Each structure stands twice: as structure tokens, then as C-alpha cells.
Amino acid sequence: MSKSTRPADIYLRFLQLAEALRGLPSLPSLDPLEERILGTVARAMQDGERLCVRDMMAKKELGAPATVHSRLTSMREKGWIMLTDTEDTRRKQVTLTQAALAHFDKLSKCMVKAVEKTG
């Protein structure tokens, strides 16, 4: 990293690259709450945790259960998440789709590019 590059420059470059991804044809965009839900699901998967719809609806920081449920439905329709069966057929596990994982791969490449560009 050059002396004239601040850490904020790297982050701002990343935001610029990530914003360019939004213009590419891929998955439909998410609203801010859906973005938070996506992050929650992604972190749980990364940690090897299993989240079901009921678990998501119980997360107070995401808002009212009915709101969370409607966003999960929207995200499923948009292709970001899928619901899979568990041992208990009444409970559905929330997981990311391959398209959502590919989106995270693209964001990761933006992060690497932002660092390389300033180095």
C-alpha cells in the first residue's frame, strides 16, 4: 500500500466496485432488511450453523416475525435463498442459493481488486 493511500481509500474503492456489480444482470436487488437477513444466513452457514425459518423469525434485531417471514418469501422468489427440508418436516432450513454464493464470490473479487489497485 502506498503512503498516500488511506485504509478508507481501499474501502471506498471496494464500494465503487461492488456498486458496479449491482448494474450487472444477476439476482434482483434486496432492500436493507433483506441485506441484513442475507448476511445473517451467510454467517450462519459459514459457522456451520443451521437456521430454520422459525429461528429467523425469532431474531428480534430483524424486526417483527411477520415482516421477517415476508422478506424470506421475497428473497426466495428473487433467488437469493432456498428452504430445504430438515428431519422435522414442519421445519424448513434457510440456506443460500448457488446464485447467492456466486454473488459473494464476486464481492470477494471486488475486495481483492480494491486492495491491489491501491497497492
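Calculation rules
- Residue positions are given per chain, counted from 1 along the sequence in the order it is written.
- Local features are withheld for residues below a pLDDT of 70 in this predicted model, meaning they are given only at 70 or higher, and side-chain atom pairs are given and counted only at 80 or more; totals for whole chains, interfaces and linings count all residues.
- In computing side-chain properties, one takes all heavy atoms of the structure into account and sets aside hydrogens as well as water.
- The rule for a salt bridge is simple: a side-chain nitrogen of Lys or Arg has to be within 4 Å of a carboxyl oxygen of Asp or Glu.
- Under the DSSP-based scheme used, a helix requires at least four consecutive residues in state H or I and a strand at least two consecutive residues in state E, with every element numbered from the N terminus.
- Only heavy atoms enter the contact rule, under which two residues are in contact if any of them lie within 4.5 Å.
- Exposure above 30% relative accessible area and the absence of a salt bridge qualify a residue for a patch, where like charges join within 9 Å and nonpolar side chains (Val, Leu, Ile, Met, Phe, Trp, Tyr) within 5 Å.
- Computed by Shrake-Rupley with a 1.4 Å probe, the accessible areas treat only the displayed protein chains as cover when residues are assessed.
- The length a helix should cover is 1.5 Å for every residue beyond the first.
- Classification of residues uses two cut-offs on accessible area relative to the type maximum, computed with a 1.4 Å probe and protein chains only: under 20% is buried, over 50% is exposed, and between them is partly exposed.
- Nonpolar core, defined: a set of buried Ala, Val, Leu, Ile, Met, Phe, Trp, Tyr and Cys residues in which side-chain atoms within 4.5 Å join the residues together.

S.K.: Please explain the pattern of salt bridges as it appears in this structure.
M.R.: Side chains that differ in sign of charge can pair as their charged atoms come close. Taken as a whole and judged by the stated rule, the model has six salt bridges. Of the charged contacts in the structure, one is a salt bridge between Arg91 and Asp55, with a shortest N-O distance of 3.7 Å. On the criterion of sequence distance, the pair formed by Arg91 in the loop between strand 1 (81-85) and strand 2 (92-96) and Asp55 in helix 3 (residues 53-57) is long-range, its members being 36 residues apart. A salt bridge links Arg90 to Asp88; its shortest N-O distance comes to 3.1 Å.

S.K.: In this structure, what is going on with the environment of Arg13? I would like to understand it.
M.R.: Among the structural elements, Arg13 can be located in helix 1 (residues 7-22). Distance from Arg13 to Val115, taken between C-alpha atoms, is 8.3 Å for residues 102 residues apart in sequence. Other than its neighbours up to four places away in sequence, Arg13 contacts Ala114 and Lys117.

S.K.: Looking at this model, I keep getting lost on a nonpolar patch on the surface. Mind explaining?
M.R.: Together, Tyr11, Leu12 and Leu15 make up a nonpolar patch on the protein surface, roughly 300 Å² of accessible area in all. With respect to the helices and strands, the residue Leu12 is situated in helix 1.

S.K.: Which parts of the structure should I look at to understand helix 2 (residues 32-46)?
M.R.: Within an α-helix, residues lying three or four positions from one another point in the same direction, as the helix has 3.6 residues per turn. Between the first and last C-alpha of helix 2 there are 21 Å, a value that for 15 residues agrees with the 21 Å anticipated at 1.5 Å per step. Regarding helix 2, the residues found buried are Leu33, Glu34, Ile37, Leu38, Gly39, Thr40, Val41, Ala42 and Ala44. Immediately downstream of helix 2, the backbone of Gly48 shows phi near 75°, a positive value.

S.K.: Can you walk me through the nonpolar core in this structure?
M.R.: In a soluble, globular protein the nonpolar side chains are often hidden away together inside. Ile37, Met56 and Leu72 are the most contacted members of the largest nonpolar core, which totals 19 residues. Among the elements of the structure, helix 2, helix 3, helix 4 (65-78) and strand 2 are those that each provide at least two residues to this core. Per-element tally for this core: the top contributor is helix 2, with six residues. Aside from chain neighbours lying at most four places away, what touches Met56 is Ile37, Thr40, Val41, Leu51, Leu62, Val68, Leu72 and Val94. Judged by nonpolar contacts, the second largest core, of eight residues, contains Ile10, Ala18, Cys110 and Ala114.

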